[in-house]
Each structure stands twice: as C-alpha cells, then as structure tokens.
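Structural characterization, general
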Amino acid sequence: MPINIIEKIEIKYLQIVNEKGEADSSLMPPLSNDEIKKLFETMILARTFNHRALSLQREGRIGTYASIWGQEASQIGSAYALDKDDWIFPSFRESGVFVEKGYPLWMLYRYWAGDERGMQIPEGFYLFPMSVPVGTHVPHATGAAWAMRLKGHRKVAAAYFGDGGSSKGDFYEGMNFAGVFKAPVIFLCQNNQWAISVPRARQTAAKTIAQKAAACGFEGIQVDGNDIFAVYKATKDAVEKAKNGGGPTLIECFTYRLDDHTTSDDASRYRTEEEVEVWKKKEPLIRLRLFMEKKGLWTKQYEDEVSKKAQETVDKEIQKAEAFAAPDPADIVRYTYGELTPRQKRELKEFGWEK
Amino acid sequence: MPWTKIYSNKEEFEKAAAGSTLRGITYKEAILEATSRMLEQDKSVFVIGEGVDDAGGVFGTTKNLHLKFGKDRVMDSPLAENGITGIAIGAAISGMRPILVHMRVDFLPLTLDQIINHAAKWHYMFGGKLSVPLVVRAIIGRGWGSAAQHSQSLPSLFTNIPGLRVLMPATPYDAKGLLRAAVYDGNPVIIIEHRWLYDHMGHVPEDDYTVPIGKGIVRREGKDATVVGISYMAYEAMRAAEALSKEGIETEVIDPRTVKPLDMGLIIESVKKTGRLVIADTGWKECSVGAEIVARIMEESCGILKAPVVRVNLPETPTPASPALEKAYYPGVDHIISAVKKTIQK
Ligand SMILES: Cc1ncc(C[n+]2csc(CCOP(=O)(O)OP(=O)(O)O)c2C)c(N)n1
Ligand SMILES: [Mg+2]
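All of the points below concern the structure found in this document. (Residues numbered from 1 in each chain as written. Chains lettered and ligands numbered in written order. Predicted model: local features only at pLDDT ≥ 70, side-chain atom pairs only at ≥ 80, totals over all residues. Heavy atoms only, no water.)

Here the focus is the overall build of chain A. Counting its secondary structure elements, chain A contains 12 helices and eight strands. At 21 Å, chain A has a C-alpha radius of gyration in line with the 20 Å of a compact globule built from 355 residues. Its C-alpha atoms put chain A at 75 × 60 × 45 Å along the principal axes. Long-range pairs, those at least 24 residues apart, make up 74% of the contacts in chain A between residues at least 6 apart in sequence. Summed over its atoms, the accessible surface of chain A is roughly 16,000 Å², and 54% of this surface lies on carbon and sulfur atoms. (Helix = DSSP H or I, 4+ residues; strand = E, 2+ residues; numbered from the N terminus. Rg over C-alpha atoms; globule rule 2.2 N^0.38 Å. Contact = heavy atoms within 4.5 Å. Areas by Shrake-Rupley, 256 points an atom, 1.4 Å probe, with all protein chains shown as cover.)

Okay, structure coming up:
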C-alpha cells in the first residue's frame, strides 16, 4: 500500500504595507482617505490614552495597568472591521479596542483605577468586560456566535486573546465547537510574543498559532499585526465570511508587546533591550505615517494637531474620571444577586454599610 | 518553643529575637528553602507552574531555583492550568513528586476536574495500589485591586472532597515543615498560602523537619474565649487577643494549620475551657471551614458552648476592586474583637 498524503495545510501570511510604508495595491482594502485618517487618529488617541495611563499609574492615581504600546494596529485595525453591533469578548489588554469602539475613556480610567463601575458597559456598546482570567473567555464568543445563529441575526462575535491564551484548553474547545457548527466567530489572537516572562516558543512548538485552526477544520491566517491594513483586511474578510455562513476564522496578529507585561512587571529581567529595540522600529504608527505621507495624507502639522486634540480629550476624560464620586459601600453586596439575600441584609448592618 | 511563636510584624520578631542565636527568615524564604532542599535531596521532586522561573520567582518562593536545578526540574509551563495539573498527576503516578505552583488560588477552579475526579480518586479506585503524591501550592491575593477573580480563598472547594488534604500554614516554620510533609504525604495535597503572610518573619531551623498534617497549635493561651484563626487570620486573632488582654479579656488563639484534616481535638479541648468560640477565616461563610468546625462541635461535644459561636468571614459577595470598597470588605482585628465581646456578653 502506498502512503498517501490526505491533507496538506498551508498557512498564509498577510502583509499589505511594509516597514517602509510601501503598499501592495492589489491587496489594499477599499478604505477612503477619510477612513485612513480616522484609523491614524484613533491610533494616536489610543496611544495617548495608554501613555497617560502609564504615567497616572506611576503617580499612584490608577492601579496596575497593562500597556498596549506596539499593539495599536492589531487592536484598532481589527476592531474597525467589526460592525458596531458585533459582540466583542476582550482580554485585559484590549484598551485599544475599547478606544476604537468609542467607549467612554473616563470609564476606562476608572476601571484601571480599580473601580468595577468602569466596566459596567453602557447601553449601545457590544463589548464584554475585559477578561482577567486568561483564555477562558474564548468559548464565550463561540457561545454568543451560536446564539446569533439561533436567533437568525447577521452578526459575528469576536474573541481577543494572547499567545499565552492559545495554550488553554478553552481556546481549543471554543474553536473546535465553532468549527463543527460553523459558528460566526472570529478568533483574534494577539500574538505579542510574550506571556509575562514566557516567550512564545515555550507556549507552542508549532510554527504559527494560525495553524491551530487547521485542526478544527477552518482557516487560520497570520497577519503582520503592525500593519493596520493587513489586520483590517483579514478581519473584514473573516466577518464577511462568517456573516455569509462560512463559519469561523482564526487570525493571528503577529505583533510585539513593547512595554512590560503590566506596570507590576519588569521585562528587563527576562528579555534583552536589543530585542525590544528591533521591534520599536517596527511599531505600527511609524509605518502608517510613512504610508500616509506617500499618499499626501500626513504632514507634521497634521499629526501635531491630532496629538494635541488627543491630549485635550484625554485630559478631560481623566478629569471626569477623577471627579467621579467614590462608590457606595452598599455596592459591595448590591450586585451579587438580583435581590439581597437575608444574609446580605444582615451583613449590610453588621459591616455598617447601610446608610 | 520558639517555633510555635507567631509574630505580628517584623519589629515584634526582631524584638523577640534580640540576643537569640536562632535564625529568622520570612515565610516566602521558608517555602523557597524547603523546595530547594527537596530538589537537592530527591531526584523525584520537581517544580512546575506558569512563571516559576520568572526573575521574581512566584513572589520569591521559587526564586532562582531554575538556575540551580535546571529548567527541566523547575519547569515554566505553557498557560494551561487543567492540562499541567493532569501532567503533574501523570508524573506523580509514575514515581515523581511534583510541586505544582499557581500564582493565585483563583486558577485552581480551572483544575478541578484533574484534582477532584482524578487525583483525589485514584488511591481509592485502584484499591490502594496507586497513590498520587501531588502537591499543589496556590496563593490568596489581597490588595492592589486583586478584585473578584484574583483574591479568592476557596479551601472549601477541596475540604469537601474525600481523598484530598488541605493545608493553610500561617508561620514560616509551618510553611517549611508542612511543605515537606505534603511532598512526602503520598496523598494529593493542596496548600493554600496567603500573599500577606509572605513577609512575616519567624524562627526556622536550617535542618529538614516536617510538621504533622492534622495537628493544630495553640498560639496563645487564654481562659475567656477561644479564637480559631485560619491562615492570615491567625495574625489578626493575635492582634485582637493582645488588645482584649488590655481590657482584661484573655483569649486563647488556635491556629489549625491544616483544615483537612482538622485538629478538632485541640479546638474542643480549648472550648471546653473557655466555653466561647470565634472563628476567623480568610474566606466566605457558607459551608466554610468554620461551618465544619461548628458542626463538629455540635456532633462531638454539644453542650460545651456557653454562648453562640461567632464567625468572622468575608461578606457574602465577591471582592470589590475599588480600594475604598476593598477596605470595607475585609474583616480584621476589630471584627474579631467585637466578635469575642459578643460571645462573652451572652
Ligand atoms: C487562567 C489564568 N491563568 C494565569 C493567569 C495569570 N496571567 C495573567 S496574564 C498572563 C499572561 C498572558 O499572556 P498572553 O495570553 O500572551 O496575553 P498578553 O499578556 O501577552 O496580552 C498570565 C499567565 C491568569 N490571569 N489567568
Ligand atoms: Mg502575549
């Protein structure tokens, strides 16, 4: 008997704009100049939000914070491709996704200052609270997508998670189900190459995370996560496919975490400055800037104006966040159940929280 | 005995230790030392967990062990809690003695199938021919906005399960001795540590020793009321006892050290003397270790109580993230003081 090859797996890598800002026009998604500018402005806003969050943390004005520096294209390009009412299941590092969706920045700052009210998502946002447990929210997106199918809605659900999260059983289980039932879900892996101090190579021996979709019977693609156009196009295509009944897609955004894991971490203890320097040169805003300059969409003055506006917005939002009244102690028990239990009523008195 | 002492803070320890030749180390150093000694002496021992080779070394408890013993014996693992628990169980039934480390107790719920359906069952299901000498260490977080999913205590998830042991050492001496006891116990053992214990100092012998599993300890003698203080709450109980003593109330403080098995004999003896019982625990009230203690008193020595038991637990709700709410959320020394007074007034 001959040994036959019965399956071959090919993994595509998508890059549309290279590090010099040169675009492959055959791959370029149809985005108007205004849309491109909007993407740029959103990235600046997200970066401004992020830098201010880091300095607020140093001043003790917010708690531990997870920086998105370097991952702005992966987050904003993908979020932009999702429709307003597509459900998003983010991990804790997705502040950029929240910014793109227009989430009130003051609420995000409240959240990072340790106020759960900052993640009590207002009406009209199709965002779930950031998942602090790593990777275990991936099946939730599959479940939400399945619910949309049952309800006959033309919507998708998207799960954001890291390279570390891709080692979890929940990730495989969520993907496998989605593959079997063609659930309209997008798995957006933010491969920033580190899970705290654990390098990608110690998460999986596979060459890509994208290829993990093959075992679940659907397409996985790796994109240059620092190229906002590649991220946008891959996500947009996946959304279209899912909405047309084509089932799930896994998108691995190959990017890099330029900052420490969180403000409680010190990455210099486990990775070299040289490695970080290489990636600083590849960060997504440099590339978008070069591309826009070639198209005549960018000038220094334009960027200065955008940055100034972003600073002003962020300043106002921080003021608003800090002026927000402290929570009521009764909040501690208020939301555990729909109604207070007899024990909780007693405890309100015992702990002296009743007004 | 210097080993049985509990010191509320570093200054208190230093005062007591002045002039003594006995060595003092922190709780985290005690864990590191116990682990290091076992890795050195016993090829079957290995450490596995997410980030155990991190420069911080799981808050110092595994610090630099990978440099000394290699990354195969101090293994940083992929992010897969249930999977690595299964892998550790597989290694344990094949002659190894794994120490599986989780940064937070909150990751234990991800491993419940492996612990409850497998590790806890196999000695029984294989008619005693197979044991699972697995040790799982996990840390209770508190403060810095740890919030609902990073601060849970959860011993009762495990105390309910036959086949498991659950240890909650409070002092450096016990942390070292109980870790060694756990590794050589032969049963699957869950050790729940509290992050706020890590910098506490105590006298710890350099030599190897074990602390018997199932033996509690009287931390302070007193005739008026008994306070059982579990894990970090043993310290709060000591502080309460000192304050109450100034008012003429003498509290006996018991640290059970292990919550499955529970040293009920010790607790009952004390309550026979005092007639009054307060239980201070790091977790929630319903079906808690405290609930078990009360039930056992009812079953075994109903009648020794002169007043209703008062329990000091977390309120019936998850931990708030907000620093202001968090401060209100955790009961401490003041709650224990009023609990003791309440039992005495009755
Ligand atoms: C289930 C679970 N296990 C472990 C942790 C501790 N932890 C927090 S973040 C993190 C690394 C996550 O890495 P990755 O998924 O790559 O996301 P990134 O931080 O790089 O965005 C770990 C291990 C956790 N929060 N949840
Ligand atoms: Mg990562």
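The next point concerns the nonpolar core. Of all hydrophobic cores here, the largest spans 70 residues; its most connected members are Leu108 and Trp112 of chain A. Among the elements that take part in this core, helix H1 (residues 33-58) of chain A stands out by supplying 10 residues, more than any other. Beyond its immediate sequence surroundings of up to four residues, leucine 108 of chain A is in contact with Phe49, Ser95, Phe98, Val99, Tyr103, Met119 and Met130 of chain A. Phe69, Tyr235, Ile249 and Val340 of chain B belong to the second largest nonpolar core, which has 56 residues in total. (Core = buried A, V, L, I, M, F, W, Y, C linked by side-chain atoms within 4.5 Å. Buried < 20%, exposed > 50% of the residue type's maximum accessible area, 1.4 Å probe, protein only.)

All names here are of chain A. With respect to the element layout, phenylalanine 89 can be found in strand E2 (residues 87-89). The exposure class of phenylalanine 89 is buried, given its relative accessible area of 4%. When the C-alpha atoms of phenylalanine 89 and proline 342 are compared, they prove to be 34 Å apart, with 253 residues separating the residues in sequence. For phenylalanine 89, the contacting residues outside a window of four places in its chain are Phe128, His137, His140, Ala141, Ala144, Ala157, Ala158, Ala159 and Tyr160.

With that settled, consider a nonpolar patch on the surface. Together, Phe177, Val180 and Phe181 of chain A make up a nonpolar patch on the protein surface, roughly 270 Å² of accessible area in all. Locating valine 180 of chain A in the fold gives a position in helix H6 (residues 169-181). (Patch = residues over 30% accessible without salt bridge, like charges linked within 9 Å, V, L, I, M, F, W, Y side chains within 5 Å. Salt bridge = Lys/Arg side-chain N within 4 Å of Asp/Glu carboxyl O.)

Let us now look at the coordination of the magnesium ion (ligand 2). Residue and element names in this part refer to chain A. Those protein atoms acting as donors to the magnesium ion (ligand 2) are Asp163 (OD), Asn192 (OD1) and Trp194 (O), and they sit at 2.0 to 2.1 Å. Here the donor residues of the magnesium ion (ligand 2) share one chain and are spaced in sequence as D-x28-N-x1-W. Both residues of the pair, asparagine 192 and tryptophan 194, count as buried. (Donors = N, O, S within 2.8 Å, 3.2 Å for Na, K, Ca; no water.)

Time to look at unusual backbone geometry. Residues lysine 260 of chain B and proline 261 of chain B are joined by a peptide bond in cis, for which omega reads 0°. Although it is not a glycine, glutamine 193 of chain A adopts a positive phi angle of roughly 75°. Within the element layout of this structure, glutamine 193 of chain A appears in the loop between strand E4 (185-191) and strand E5 (194-195). With a relative accessible area of 17%, glutamine 193 of chain A lands in the buried category. The backbone of cysteine 287 of chain B shows a phi angle near 55°, a positive value even though the residue is not glycine.

Quick look at the side chain of aspartate 224 of chain A now. All names here are of chain A. Here aspartate 224 lies in strand E7 (residues 220-224). At 2.7 Å, the side chain of aspartate 224 and the side chain of arginine 287 are in polar contact. Leave out the neighbours within four places in its chain, and aspartate 224 touches Tyr13, Leu14, Gln15, Ala230, Val231, Phe254 and Arg287. (Polar contact = N/O pair within 3.5 Å; in protein donor to acceptor, adjacent residues only side chain to side chain.)

Here the focus is the site of ligand 1. Surrounding ligand 1, one finds 20 residues, the nearest of these being Arg93, Asp163, Gly164 and Asn192 of chain A together with Glu81 of chain B. Near ligand 1, the surrounding residues are drawn from chains A and B. With respect to ligand 1, the side chain of aspartate 163 of chain A contributes an N or O atom lying 2.7 Å from an oxygen atom. Burial of ligand 1 by the protein chains amounts to 92% of its free accessible area of 580 Å². Counted by class, the shell around ligand 1 contains 10 nonpolar, six polar and four charged residues. (Near = heavy atom within 4 Å. Nonpolar A, V, L, I, M, F, W, Y, C, P; charged D, E, K, R; others polar.)

This paragraph deals with the side chain of threonine 317 of chain B. On the secondary structure map, threonine 317 of chain B appears in the loop between strand E14 (310-314) and helix H13 (323-329). Side-chain polar atoms of threonine 317 of chain B contact the side chain of threonine 336 of chain A, separated by 2.5 Å. Residues contacting threonine 317 of chain B, with those up to four places away along its chain left out, are Ile332, Val333, Thr336 and Gln344 of chain A together with Trp284 and Tyr329 of chain B.

Right, let's talk about the pairing of strand E13 (residues 277-284) of chain B for a bit. All names here are of chain B. Of all eight residues making up E13, seven are buried, and the element is well covered by its neighbours. The pairing of strand E10 (residues 225-229) with E13 spans four bridges and is parallel. Counted as the bridge partner of glycine 229 is alanine 280 from E13. Relative to E14, E13 runs parallel, the two sharing four bridges. What sits directly across from valine 278, in E14, is valine 310. (Pairing = 2+ DSSP bridges.)

A few words on the pairing of strand E2 (residues 45-49) of chain B. Residue and element names in this part refer to chain B. Counting buried positions along E2 gives five out of five residues, so the element sits mostly inside the fold. What you see with E2 is no split at all: Val45, Val47 and Gly49 on one side and Phe46 and Ile48 on the other are buried throughout. Taken together, the five bridges between E2 and strand E4 (residues 97-102) define a ladder with parallel strand orientation. Its bridge partner being in E4, glycine 49 is matched across the sheet by valine 101. Relative to strand E3 (residues 74-76), E2 runs parallel, the two being bridged by three bridges. Directly across from isoleucine 48, in E3, lies its bridge partner methionine 75.

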